[in-house]
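Residues per chain are reported as follows:
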Amino acid sequence: MPSLNRETVRAGAQGVAATLLVAALIAIGSRNLAHFDAALVGYTFATLFAVFGITYRYSMWLQRPPTALYWRRGWQVFFSRDRLLASLAAWPKRVVGVFAINNFIFRRSRTRWAAHWLIMWGCLLAAAITFPLVFGWIHFQTPADDFERYRVYVFGFPTFSFRIGSVLGGLIFHGLVWASFLVIAGVMIAMRRRMRDRGAEAVQQFGEDFLPLILLFAVSITGLMLTASYTWMRGYAYDFLAIVHAACVIFTLLWLPFGKFFHIFQRPAQLGVAFYKDAGRSGEQAVCRNCSQPFASKMHVEDLILVERALGYSYEMPGGRGDPAGHYQYICPRCRRLSMALAQGRLWQAGRGREVTDRPGIVDVAEMMEPASAPAAANERA
Amino acid sequence: MSVPSHLNFYIDASRCIGCQACVQACTECDTHKGHSMIHLETVDRAHSTQTIPVICMHCDSPTCAEVCPADAIKRSEDGVVQSARKPRCIACNNCVLACPFGVPKMQVEFELMMKCDMCYDRSSVGLKPMCASVCPSQALFFGTREEIEALRPQAAPIDRFQFGNQTITTKVKMMGPKNVAGQRPKHIDVTAAMDEHAPPRSVSLGVLNGAR
């Protein structure tokens, strides 16, 4: 039996802790399951599995050397005394721009943005409705004095109420319908691109790229069928549709930790990177040991050296440029590219039995002109 | 789809004439439409016409992928290191700074790293990558080992590179001499000449100064 390493045990323990926490919140939020809808128990267990899976994978991911370092650095930079105010000021703008608007996807492609934005908001809306209902965190009650109204209870506490037949009531009760419209529209745009774009066609994979779209579509369309069944078809095939819908949702929940959906949980790291870059720009710059030009923040270069060492790379350049602690990371990307040409040139010089020079591509024109005087010499000999 | 195993990429920087055809052709590739992934570098513009086209060498153990905190760079089974996965890349710039060959490009506007993927839409169906299809001097060559051996009888493909203490092996091969002092060169030492400052070299331009 393979032995479990420390990372796996830690990730497993964190997964179990997160699962127990959500289970406890379900028990508390539903007032000891008093408001828990037993018909949705399948969803609950699928969600608990997803919580375990997501936490486990997230924990394993955070323990990779580069992720661990930038996770730590991101928080250090954000809360550093001289940057905290600027970070707090920049934070809301970045959250809105990156997460609410998806501005970076908008700049990549308008259609990709439309697809992502519709799917994202559709899923967020659906999740905000479904999970609290499944967990029994939200339930509705009719006040004793007014049968035409519903009161919303959150975690068992009464909040606002609305008239059943009102516009607000219609909006609230059909929240999942509106969410499915957003998701289906987004899935259609994304699917069209995947079926027509030759670049996407070359690199896409079924499990990674198609399956999430198919699952989102299946969840949305079967959900809409349920609404259609009870609204216009007197509940025709409702039980069957309810089972199909539940199967789609449960499979999607179980798939959350494994496939493309996991990016939902990884993506917030983008914020940490933005603050890390802010600190890098205002800090000391790393200077290329070859061309003496600044090319990146010193903090970033030094962090990268730590990461590379942790990963087992050894880009140290002993004795390089008179610096005993030389490291290839201190050579700028452009000089690295040029060095390839020079290294190949030197090898060819050696192969041709010539003197190996530092800059083999540089031709001494004067030397080349020497043979030009050869005819004169030949004449002399003649 | 995957790149057929009998086809490979051979790069010979010493044959590059700096015509920029590869740079233009690269933008035509469907996997990175409109964006050229090639770096065509002029080594020392003041003293030389030497240029080098830099494409991804597709390392067997890609440093760019290893240092990626978001796990966004994947190497497919045929050995091609793919461009960053769009949903994952968080534009941290680690890959750009870590790649020993200086290949990945950060598209700041898109918050996305993009790199040469050997024109995967083409190479995965056995076609030449765009750059290799237009290179007039065959500095960039995509084909079989037999073809390159027939074209360059004096040269041998090398896929090991030395960066300080680190050896990197790659899918893409660089052409070097078949024989150096009676031996076949085992690797290209990229950092060897960085040990000492290159001495300032006075190049006497005979054409301008009058031939000696």
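Please read these numbers as outputs of a predicted model, since none were measured by experiment.

Trainee: Is there a simple way to explain helix 3 (residues 65–79) of chain A in this structure?
Mentor: A rise of 1.5 Å per residue sets the reference length of helix 3 of chain A, with its 15 residues, at 21 Å; its end C-alpha atoms lie 22 Å apart and thus fit the reference within 8%. Buried within helix 3 of chain A we find A:P66, A:T67, A:L69, A:Y70, A:R73, A:G74, A:V77 and A:F78. Relative to the axis of helix 3 of chain A, the buried residues are bounded by an arc of 160 degrees and lie together on one face. As for helix 3 of chain A, its buried residues are in contact with helix 2 (41–62), helix 4 (84–100), helix 13 (269–282) and helix 14 (298–310) of chain A together with helix 2 (63–66) and helix 3 (94–98) of chain B.

Trainee: Looking at this model, I keep getting lost on the nonpolar core. Mind explaining?
Mentor: One broad trend across soluble globular proteins is that nonpolar side chains are buried collectively. The biggest cluster of nonpolar side chains holds 76 residues, and the ones touching the most others in it are B:F9, B:I55, B:I73, B:F101, B:L140 and B:F161. With seven residues, the top contributor of residues to this core is helix 15 (residues 333–351) of chain A. Once residues lying within four places of it in the same chain are set aside, the contact partners of B:F9 are B:I55, B:M118, B:P129, B:C131, B:A132, B:L140, B:F141, B:F142, B:V172 and B:K173. Counting 30 residues, the second largest nonpolar core, distinct from the first, contains A:V22, A:L48, A:W137 and A:F262.

Trainee: Help me out: how do you make sense of the packing of aromatic side chains in this one?
Mentor: The description of an aromatic ring pair rests on the distance of the ring centres and on the angle between the ring planes. All names here are of chain A. Throughout the structure, instances matching the rule amount to 35 aromatic pairs over all chains. Between W75 and F79, the aromatic rings sit 6.0 Å apart at their centres with planes inclined by 10 degrees, giving stacked as the arrangement. Of this pair, W75 and F79 both sit in helix 3, four residues apart, which is roughly one turn of the helix. The interplanar angle of 65 degrees and the centroid separation of 5.6 Å between the aromatic rings of F162 and F173 together place this pair among those described as edge-to-face. With F162 in strand 3 (residues 157–163) and F173 in helix 7 (residues 167–173), the pair connects residues that are eleven residues apart, well separated along the chain. Residue classification places F162 among the buried residues on the basis of a relative accessible area of 2%. F173 sits in the partly exposed class, given a relative accessible area of 35%. Note that R31 overlies the ring of F157, its terminal NZ or CZ placed 4.7 Å from the centroid. Directly above the ring of F106 sits R110, whose terminal nitrogen or CZ lies 4.1 Å from the centroid.

Trainee: Can you help me understand the domain arrangement of chain A in this one?
Mentor: Interface size is often expressed as the accessible area that is lost when the parts come together. All names here are of chain A. The domain boundaries assigned to chain A delineate domain 1 (6–271) and domain 2 (284–363). Placing a centre on the C-alpha atoms of domain 1 and another on those of domain 2 gives a separation of 47 Å. At the junction of the two partners, domain 1 supplies six residues and domain 2 supplies seven residues. With both chains or domains summed, domain 1 and domain 2 bury close to 550 Å², and 72% of this area falls on carbon and sulfur atoms. Counting the contacts that link domain 1 with domain 2 gives one salt bridge. Residue classes in the side of domain 1 that touches domain 2 are distributed as five nonpolar, no polar and one charged.

Trainee: Help me understand the interface of chain A and chain B in this model?
Mentor: Listed by partner, the interface residues are 77 residues for chain A and 88 residues for chain B. Taking both sides of the interface into account, the surface hidden between chain A and chain B amounts to around 7100 Å²; carbon and sulfur atoms contribute 57%. Counting across the interface, chain A meets chain B through six salt bridges. For A:R198, the salt bridge goes to B:D30, with nearest N and O atoms at 3.0 Å. The interface formed by chain A and chain B includes 35 residue pairs in polar contact (both at pLDDT 80 or more). At 17 residues, helix 15 of chain A tops the list of elements feeding residues into the side of chain A that touches chain B.

Trainee: Would you take a moment to explain the pairing of strand 2 (residues 149–154) of chain A for this structure?
Mentor: All names here are of chain A. Note: strand 1 (residues 138–141) against strand 2, four bridges, orientation antiparallel. Directly across from Q141, in strand 2, lies its bridge partner R151. Examined bridge by bridge, strand 2 and strand 3 share five bridges and lie antiparallel to one another. Looking at the pairing, R151 lines up with S161 of strand 3. Following strand 2, the chain reverses through two residues before pairing antiparallel with strand 3; F155 in that reversal takes a positive phi of roughly 55 degrees.

Here is what the cut-offs are and how they apply
- Residues numbered from 1 in each chain as written.
- Chains lettered and ligands numbered in written order.
- Predicted model: local features only at pLDDT ≥ 70, side-chain atom pairs only at ≥ 80, totals over all residues.
- Heavy atoms only, no water.
- Helix = DSSP H or I, 4+ residues; strand = E, 2+ residues; numbered from the N terminus.
- Expected span 1.5 Å × (residues − 1).
- Buried < 20%, exposed > 50% of the residue type's maximum accessible area, 1.4 Å probe, protein only.
- Arc of directions from axis to C-beta.
- Contact = heavy atoms within 4.5 Å.
- Core = buried A, V, L, I, M, F, W, Y, C linked by side-chain atoms within 4.5 Å.
- Phe/Tyr/Trp six-rings, centres within 6.5 Å; stacked < 30°, edge-to-face > 60°.
- Lys NZ or Arg CZ within 6 Å of the ring centre and 35° of its normal.
- Domains from an automatic or database assignment.
- Buried area = accessible area lost by both parts, 1.4 Å probe.
- Salt bridge = Lys/Arg side-chain N within 4 Å of Asp/Glu carboxyl O.
- Nonpolar A, V, L, I, M, F, W, Y, C, P; charged D, E, K, R; others polar.
- Polar contact = N/O pair within 3.5 Å; in protein donor to acceptor, adjacent residues only side chain to side chain.
- Pairing = 2+ DSSP bridges.

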